[in-house]
Structure formats: structure tokens, C-alpha cells
Amino acid sequence: MPAMANHRRSKRSSLTRGVIAVTTGGVALALPVIGATGAFAAPAQPAAAEKAAVSAPVSGKTISGKNSETATYSVILGDSLAKIARDHSVSGGWQQLYKDNRKVVGGNPDLIHPGLKLTLGSAANKAAGTENKAADTSASEASDSAVRTESADRADRSERAGNEVVAQGTPVAAVEAAPVAYTNDLDGWIKESLAVMAQHGIPGTYEGIHRNIMRESSGNPLAINNWDINAINGVPSKGLLQVIDPTFQAYHVPGTSMDSYDPVANITAACNYAADRYGSIDNVFGAY
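Residues numbered from 1 in each chain as written. Predicted model: local features only at pLDDT ≥ 70, side-chain atom pairs only at ≥ 80, totals over all residues. Heavy atoms only, no water.

Asker: Explain the overall build of the protein to me, and be specific about the residues and the numbers.
Answerer: Counting secondary structure elements, the protein contains ten helices and seven strands. Expressed as a percentage of its 288 residues, the buried residues of the protein come to 32%. Taking as baseline every contact in the protein between residues at least 6 positions apart, the subset at least 24 positions apart corresponds to 52%. Per element, the accessible surface of the protein, about 18000 Å² overall, is 54% carbon and sulfur. (Helix = DSSP H or I, 4+ residues; strand = E, 2+ residues; numbered from the N terminus. Buried < 20%, exposed > 50% of the residue type's maximum accessible area, 1.4 Å probe, protein only. Contact = heavy atoms within 4.5 Å. Areas by Shrake-Rupley, 256 points an atom, 1.4 Å probe, with all protein chains shown as cover.)

The following block contains the structure:
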């Protein structure tokens with residue numbers, strides 16, 4: 001069995017940057033070899049980049065204004081935002097550096113080029129903070145304005161609801177009780193009765209009540225029937241909806257007068273009776 005020679009593999013260099021000698025017309029140019037990734041400065045033209053690499057001294061990475069709040073850095077070949085942020089301890093890393101200089105860098109943080117001026121430090125952060133603060137203030141003012149407008153609208157709606165009259169044909173269930181001054185006439189009596197009925201869950205509409213009142217009493221709250229069978233039996237029909245006293249007392253609604261001639265009390269008791277017997281005053285179209 002032939003002996004096998006031991007071959008030692010040469011170690012790779014751990015450096016990611018090196019120098020390549022390129023001969024152009026007898027002149028050796030030293031070019032950096034870049035092995036890392038992440039937002040590297042790309043030369044606009046190869047020939048110009050080579051010349052920049054030869055002529056640019058280390059001091060080309062200049063930072064001006066070190067003693068002020070603003071530090072300006074001039075990008076050189078081989079730079080990346082990550083490298084610049086790391087070398088100069090930029091708070092927030094390359095992301096913050098890009099954010100502070102987005103207007104000069106453009107939409108792609110990888111495309112920075114030699115000679116580009118970047119702002120480092122608190123001045124850039126302060127400018128960004130000022131913009132954010134202005135945006136927050138504007139949003140807050142808009143929100144406050146919306147709240148004030150909504151509150152004003154709600155108050156206006158409440159005021160209108162409290163002063164609206166009940167429309168004809170509107171179900172009692174849709175009528176909200178409100179401190180309204182009712183007129184002392186048939187229209188006011190019906191509307192006040194509807195408000196009381198709504199509180200007690202008694203069904204009926206303005207149209208149904210008005211229609212039956214006009215048939216029974218022609219709108220006279222003191223009307224009385226002295227000739228029908230009820231009158232003969234000693235309990236004449238009284239008031240706007242011609243209610244006999246036993247029925248009035250049985251179906252009287254708390255909060256209204258005990259006087260059967262009282263318009264609101266008479267209407268409300270009659271509607272309570274009609275709801276119990278017919279389902280609603282709206283279902284009554286004759287003597288009841």
C-alpha cells in the first residue's frame with residue numbers, strides 16, 4: 001500500500017478587505033477588495049473610482065464640525081451606512097443614519113457614493129424630532145377639533161330632540177320623554193299624552209288618537225253623553241275620548257290627573273284601555 005503524503009491546506013485569510021494590484025499602462029493601482037455587504041458606496045464610473053482609490057488619502061474620511069452639534073461626514077469609496085454608523089458610534093445604527101439623511105441618500109440606503117455629505121449627531125436627530133413633533137401636534141389638534149365638533153353636534157342633536165314635536169303617525173315607542181312645554185290645546189294635549197304613554201309602554205300614534213277624538217267629542221274636553229245606555233245607567237261618557245268613570249279609574253295612568261275631564265288624563269286612560277282590549281287606540285274605528 002503506497003504511503004500517502006500529508007498535505008496541509010493553506011489557511012484562508014479572515015480579512016474581508018485586501019488590495020488588488022492592477023496594471024494600467026505600466027502603473028500599478030491599489031484597489032480595495034470588499035467582502036462585506038450592506039449599503040456600500042458604489043463608484044459612479046470604474047475609471048474615476050480607481051483614480052479616487054489611488055489619490056484619496058486616509059484623511060479623506062474627514063468629519064467637520066466635531067466641536068459643534070453638527071458633524072458632517074464625506075463618504076469615500078468602500079463606505080457603507082453600516083460601517084459609518086459603527087465607526088462613528090451613531091445612536092440607532094445605520095437605520096438612524098439613513099433616516100437622518102434620507103433626503104440626500106435617496107430611496108435606497110445601499111446607493112451612497114463617494115463625496116456624499118452625511119450629517120451625524122444631534123443636529124440631524126433634532127431636525128427629525130422637530131418634524132415628528134410637528135406631525136404629532138398637527139394630529140393632536142385635528143383629533144381635538146374632531147372631538148369638539150362631535151360634542152357640539154351631539155349637544156345640538158339633544159337640543160333639537162328636546163324641542164321637536166311628535167310627528168303624526170309616529171309610534172309612541174319612538175317618542176322620548178323630554179322637558180317640553182306643551183301648548184294648552186288639542187295638539188299639545190295629544191303630544192303630552194304620547195310622552196306619558198311612552199314612559200309606560202302604552203302603544204298609539206298621534207293620528208290614531210286624533211282620529212278617535214274627533215269622532216267622539218270633536219275635540220271638546222268637557223263633552224259629555226247624557227243620552228246613551230251608559231248615561232241611562234248613571235255613568236255617562238266624558239271628555240275627549242268619552243270615557244266612563246269606572247273605565248277611567250280602572251285604566252288611570254299614574255302621573256296624570258284623577259279628573260276624568262282632564263284632557264291628558266282622559267286621553268292616556270282611554271289609550272290604556274284600548275291597548276288592553278284592542279291592542280292599540282290605532283285599531284279603534286268606532287264606538288268602543
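Asker: How would you explain the pattern of salt bridges if you had to name every residue and give the values?
Answerer: On inspection of all chains with the given rule, the structure shows five salt bridges. Here Lys83 ties to Asp87 by a salt bridge, and the two come within 2.8 Å at their closest N and O atoms. Placement of both Lys83 and Asp87 in helix α2 (residues 81-87) is noted, with a separation of four residues, approximately one turn of the helix. On the basis of relative accessible area, Lys83 is assigned to the buried category, the value being 15%. One salt bridge in this structure joins Glu216 and Arg215, with 2.9 Å as the shortest N-O distance. (Salt bridge = Lys/Arg side-chain N within 4 Å of Asp/Glu carboxyl O.)

Asker: Go over the packing of aromatic side chains, please, and point to the residues and values.
Answerer: Counted according to the given criterion, the structure contains two aromatic pairs. Among the aromatic residues, those joined into a cluster by ring pairs are Tyr251, Tyr273 and Tyr288. (Phe/Tyr/Trp six-rings, centres within 6.5 Å; stacked < 30°, edge-to-face > 60°.)

Asker: Now, about helix α3 (residues 93-100): what can you tell me, with residues and values included?
Answerer: At 3.6 residues per turn, the α-helix brings residues three or four places apart onto the same side. Every buried residue of α3 is accounted for by Leu97, Tyr98 and Asp100. For α3, the angular spread of buried residues about the axis comes to 165°, placing them on one side. (Arc of directions from axis to C-beta.)

Asker: Which residues make up the pairing of strand β5 (residues 117-120), and what are the values?
Answerer: Two faces belong to every sheet, and in a regular strand the side chains alternate between them. Side chains of β5 alternate between two faces, with Leu118 and Leu120 buried and Lys117 and Thr119 left unburied. Pairing of strand β4 (residues 71-74) with β5, which is carried by four bridges, proceeds in the antiparallel orientation. Pairing of Ala71 across the sheet is with Leu120, part of β5. (Pairing = 2+ DSSP bridges.)

Asker: Any chance you could break down unusual backbone geometry for me, citing the residues and the numbers?
Answerer: One non-glycine residue with positive phi stands out, namely Ser89, at about 50°. As for its position among the elements, Ser89 is in the loop between α2 and α3. If you check the backbone angles, Ser218 has positive phi at about 60° while not being a glycine. Along the chain, Ser218 turns up in the loop between α7 (206-216) and β6 (224-225).

Asker: A description of the packing of helix α6 (residues 186-200) against α7 should follow, citing residues and the corresponding values.
Answerer: At a minimum axis distance of 10 Å, the contact between α6 and α7 shows a crossing angle of 130°. With respect to α7, the element α6 is oriented oblique. Two packed elements cross with a definite hand, and for α6 against α7 that hand is right-handed. Where α6 approaches α7, its residues Leu186, Asp187, Ile190, Lys191, Leu194 and Met197 are matched on the opposing element by Tyr206, Ile209, His210, Ile213 and Met214. When grouped by side-chain class, the residues that make up the contact of α6 with α7 number eight nonpolar, one polar and two charged. (Axes fitted to C-alpha atoms, helices over the stretch in contact; angles between N-to-C directions. Parallel < 35°, antiparallel > 145°, perpendicular 65-115°, else oblique. Left-handed = near helix turned anticlockwise from the far one by under 90°. Nonpolar A, V, L, I, M, F, W, Y, C, P; charged D, E, K, R; others polar.)

No statement about biological role is implied by the geometric values presented.
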